[in-house]
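Chain by chain, the residues run as shown.
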Amino acid sequence: GFMVLGAVLAGEIANHVLGFNGPEVMNWRCWRKLLIITAISGAVLLINPYTVAALQLPFKTVNIGVLQDFIEEWAAPNFHELYQQPMVWMLLLTLVIIGWAGRRLDATDAAWLVLFAYISFLARRNIGLFALMAAPIMSRHAAALIGRYRWGQRRLSNGSPILNWLILLLIVVAASLKVLAPIVPAAQAQAEAQILPAKATDWIVANQPAGQLFNSYNWGGYLLWRLWPEYPVYADGRTDVYPNAFLQEYLQIVTGQQDAPALFDERGIRTVIIEQEAPLVIQLVKSGLWQEAYRDEKAAVLTRRD
């Protein structure tokens, strides 16, 4: 939100410096009002238990090296994968429409487009934000492009609102199907079995192995949902609450670079649920101190021998 506000404030200053005029350009009175609102919003953020320290959290998060190195959503987009290419299509289409529309690109729209395209190229998790910011820019210039032609002017001036309602209805129906389909219990159970260690978790629930739990980072949220409070998870997907050193150590453990048996004894860990092909599984079994209590095509559960 503050990135959007900052881009607007900077863009409107540039509009006035460059002498741009038009209905979309704010006057100084509106700009000052927005600046005051931004300042108040920043002050309100301080109303939290951590006060100023909370403002550092976003910067600490983006500087966690493990995120960029190992977490897929924080990696740069791989445009060799088809499902990630729509971001590039949208960016290129927006630029083409801007070029053809004959409507000047004001500095605020330019700031939005550049800023959110940039952060999307840095991390694929930002692509959704880019789409939200690029859509109104594309729409404004597409309307100008259509208006340049007589047929466009006739359709814009004489067109029926029925078409707009039909488009809206289509969007609502498509969104409803997208939302409702996954919440059907049978669909949830099928997805859970396909992508999560449901059977291995069932085994833990049924057998209640002793000791603290060490788990795969990828399954932390699911295991927290299924096993808490009996088994607090070792790590989960909230990387922003874990120090970089902790995550680096976690990676060394699961890849067999740490003396996991000794470390686990020190920390009271007696149960491990991890991807069945993880090097940690081999290390624990070879130590002779751990046994593989359960295994399926997705997960392995190991327990400390008494």
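Please read these numbers as outputs of a predicted model, since none were measured by experiment.

Draft legend 1. Seen up close, the layout of surface pockets. Here the largest pocket is characterised by a volume of approximately 780 Å³. Residue lining of the largest pocket: 24 residues in total, with M3, P58, F59, V62 and N126 positioned closest to the centre. For the lining of the largest pocket, the secondary structure elements donating two or more residues are α1 (2-17), α3 (57-62), α6 (107-122) and α7 (127-147). Considering each element in turn, the lining of the largest pocket owes the most residues, five residues, to α3. Per-class residue counts for the lining of the largest pocket are 18 nonpolar, four polar and two charged. Of the voids in this model, the second largest pocket is the one considered here, and its volume is about 260 Å³. Lining of the second largest pocket is provided by 16 residues; of these, Y217, N218, Y250, L251 and V254 occupy positions nearest its centre. Among the secondary structure elements, those contributing two or more residues to the lining of the second largest pocket are α4 (65-70), α13 (244-254) and β2 (269-275).

Draft legend 2. Here's a closer look at the packing of aromatic side chains. One pass over the full model with this rule turns up eleven aromatic pairs. Ring-pair connections join several aromatic residues into one group, and the members of that group are F214, Y217, Y234, Y242, F246, Y250, F264 and W290. In this structure, R104 is placed above the aromatic ring of F20, and the distance from its NZ or CZ to the ring centre is 4.1 Å.

Draft legend 3. The arrangement of unusual backbone geometry in detail. In this structure, P229 follows W228 across a cis peptide bond, with omega equal to 10°. Within the secondary structure layout, P229 lies in the loop between α12 (220-227) and α13. For T51, which is not glycine, the phi dihedral falls at a positive 45°. With respect to the helices and strands, T51 occurs in the loop between α2 (28-44) and α3. Judged by relative accessible area, which is 41%, T51 ranks as partly exposed. Positive phi is not limited to glycine here, since Q208 has a value of about 50°.

Draft legend 4. Here's a closer look at the pattern of salt bridges. Counted under the stated rule, the structure contains eleven salt bridges. The shortest N-O distance in the salt bridge between D202 and R226 comes to 2.6 Å. Pair noted here: D202 is in helix α11 (residues 198-207) and R226 is in helix α12, with a separation of 24 residues, a long-range link. Note on R226: relative accessible area 24%, which makes it partly exposed. Across the pair E292 and R295 runs a salt bridge whose closest N-O atoms are separated by 2.7 Å. Under the relative-accessibility criterion, E292 is labelled partly exposed at 35%. The exposure class assigned to R295 is partly exposed, which follows from its relative accessible area of 39%. Here the residues in one salt-bridge network are E192, D202 and R226, joined through shared partners.

Scoring rules and cut-offs
- Residues numbered from 1 in each chain as written.
- Predicted model: local features only at pLDDT ≥ 70, side-chain atom pairs only at ≥ 80, totals over all residues.
- Heavy atoms only, no water.
- 1 Å grid on protein atoms, 1.4 Å probe; cavity = no way out; pocket = protein on both sides within 12 Å on 5 of 7 lines; lining within 4 Å.
- Points joined across faces, edges and corners; volume = space filled by probe spheres on them.
- Helix = DSSP H or I, 4+ residues; strand = E, 2+ residues; numbered from the N terminus.
- Nonpolar A, V, L, I, M, F, W, Y, C, P; charged D, E, K, R; others polar.
- Phe/Tyr/Trp six-rings, centres within 6.5 Å; stacked < 30°, edge-to-face > 60°.
- Lys NZ or Arg CZ within 6 Å of the ring centre and 35° of its normal.
- Buried < 20%, exposed > 50% of the residue type's maximum accessible area, 1.4 Å probe, protein only.
- Salt bridge = Lys/Arg side-chain N within 4 Å of Asp/Glu carboxyl O.

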